[in-house]
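Geometric and topological summary
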Amino acid sequence: MLADIEEKVMSGERLSFEDCIRLFKSDDIFTIGRLASHVAEKKNGKNAYFVVNRHINPTNICVNRCKFCAFSRSKGEEGAYELTIEDIIQKLKTNGLNFKNPPSPPFTKGGQGGITQSHFSEVHIVGGLHPDWPFEYYTNMLSTIKKEFPSIAIKAFTAVEVDYMSKISGLSLEYTLMALKENGLDLMPGGGAEIFADAVRSRICPEKIIGDRWLEVMETAHRIGIKTNATMLYGHLEDIEDRVEHLFRLRDLQDRTGGFQAFIPLAYHPKNTEIGGFYSSGIDDLKTIAISRLVLDNFDHIKAYWIMLGEKVSQVALLFGADDIDGTIIEEKITHSAGAMSEEGMTKEELIYLIKKTGKTPVQRDAFYNTIENENLFCR
Ligand code: V47
Ligand code: SF4
């Protein structure tokens, strides 16, 4: 059934829209996974990357209130919070020792018994669109973090936040991005892409910038030398055609700019959201990872974000086309507000353990996929 697609993949020929629809409709998960794994190995060998990082969400107050988002609050609503820049610096100084739920065996068994990372390579900062904060809050945040922690790469602000900053500052997109870069922004995460198709997007996040604008922000970032990631939120109201269209639009932009580092499919979590619905199935998760690997032939990395997939599915995803499992995270709020079943963070030792059990080689990376040499990788 998939023999012609297999031939294309093996000969390095690009998949068509129709091919991708057929892959999504196929039940032959093993063939899809085998092909994706072949492509992943051609690009990254047996490497499975991870990063010692920390997430920080400066505020959950957001003017958009997307209908799939359980994290956001309106100003004055119960549970709304705002961090000061000093709070953010303190979080980076605490070194991740403030776990709410200490990781449980078997992952900590025989390991170092806790969070042992001595320093972060990357901080990932995203948050709500605050109605009152001035642009200077964001530039001050970046420059203060850079001054205090010059060796930590700052991966911050989705295309949605950057568009909002351009509005509140009155600066063009290009100048907004240049100001962020000058103050310490190193790269941008891939959030806010959701699903580009207008008909679904207007139902799940009516206030959010449209897909074209998300792509325009990323294209501008790439043009001025800021690398970014890309995501796709799946498992809500979209259909297969919407997913394939989304992937094709990313592939087209990547052909033009080459500025995307990694693609991360984000599994929708339904708890406490306005649209409700269901968790994605493990099969859909694996298929989506694998098909992303096959479609996005011009992306170097496909990330299995363990927070959303769960520790075990993300482990299997490393054999279905993913080459990256993200990082230690430490404090995850967005998915956990919506019913994530994973821990909020993992130790470096746990990440290494998960990867090793797949037969792949754990490679600690920095934010730009440079390898960090580390003798601890051989600890098990
Ligand atoms: O932008 C919000 C999504 C994103 C839900 O670039 C939800 O390296 C599932 O983008 N269920 C934030 N997803 C996460 C993100 C990300 C994560 C890890 C690595 C990188 C990277 C990026 O989470 C949001 C939105 O698209 N989201 N609510 C939900 N209920
Ligand atoms: Fe705001 Fe982002 Fe949540 Fe949408 S997904 S409500 S933009 S925080």
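Residues numbered from 1 in each chain as written. Chains lettered and ligands numbered in written order. Predicted model: local features only at pLDDT ≥ 70, side-chain atom pairs only at ≥ 80, totals over all residues. Heavy atoms only, no water.

On to the site of ligand 1. In the neighbourhood of ligand 1, 23 residues make up the surrounding shell, with Phe 68, Lys 155, Gly 190, Glu 194 and Lys 303 lying closest. Within the backbone of Phe 68, a nitrogen or oxygen atom sits 2.8 Å from a nitrogen atom of ligand 1. Note that an oxygen atom of ligand 1 is positioned 3.4 Å from one of the backbone N or O atoms of Gly 191. Compared with its free state, where it exposes 620 Å², ligand 1 has 96% of that area covered by protein. Because more than half of its atoms lie within 2 Å of the grid, ligand 1 is assigned to the largest cavity. Taken together, the elements giving at least two residues each to the shell around ligand 1 come down to β6 (227–234) and β7 (260–267). Here the shell around ligand 1 is built from residues that sort into 12 nonpolar, 7 polar and 4 charged. (Near = heavy atom within 4 Å. Polar contact = N/O pair within 3.5 Å; in protein donor to acceptor, adjacent residues only side chain to side chain. Areas by Shrake-Rupley, 256 points an atom, 1.4 Å probe, with all protein chains shown as cover. 1 Å grid on protein atoms, 1.4 Å probe; cavity = no way out; pocket = protein on both sides within 12 Å on 5 of 7 lines; lining within 4 Å. Sits in = over half its atoms within 2 Å of the grid points. Helix = DSSP H or I, 4+ residues; strand = E, 2+ residues; numbered from the N terminus. Nonpolar A, V, L, I, M, F, W, Y, C, P; charged D, E, K, R; others polar.)

A low pLDDT means the predicted coordinates there should not be read in detail. When pLDDT is averaged along the chain, the result is 93, and 92% of the positions lie at 70 or above. Below a pLDDT of 50 lies the segment residues 97–118, which in the model reaches 38 contacts outside its immediate sequence neighbourhood of four places, other chains included. (pLDDT = per-residue confidence, 0-100. Contact = heavy atoms within 4.5 Å.)

What follows is about the sheet that holds strand β10 (residues 361–364). Pairing between the strands of a sheet comes from backbone hydrogen bonds, and it takes one of two forms, parallel or antiparallel. One open sheet accounts for 3 strands, arranged β9-β1-β10; its pairing is parallel. The open sheet has two edge strands, β9 (324–327) and β10, and neither has a second partner. Across the sheet, the mean angle separating the axes of adjacent strands is 25° when strand polarity is ignored. Summarising the sheet, strand β1 (residues 47–51) and β10 pair through 4 bridges and their orientation is parallel. What sits directly across from Tyr 49, in β10, is Val 363. The strands touched by helix α15 (residues 348–356) are β1, β9 and β10; relative to β1, the strand with the most contacts, the crossing angle is about 165°. (Pairing = 2+ DSSP bridges. Axes fitted to C-alpha atoms, helices over the stretch in contact; angles between N-to-C directions.)

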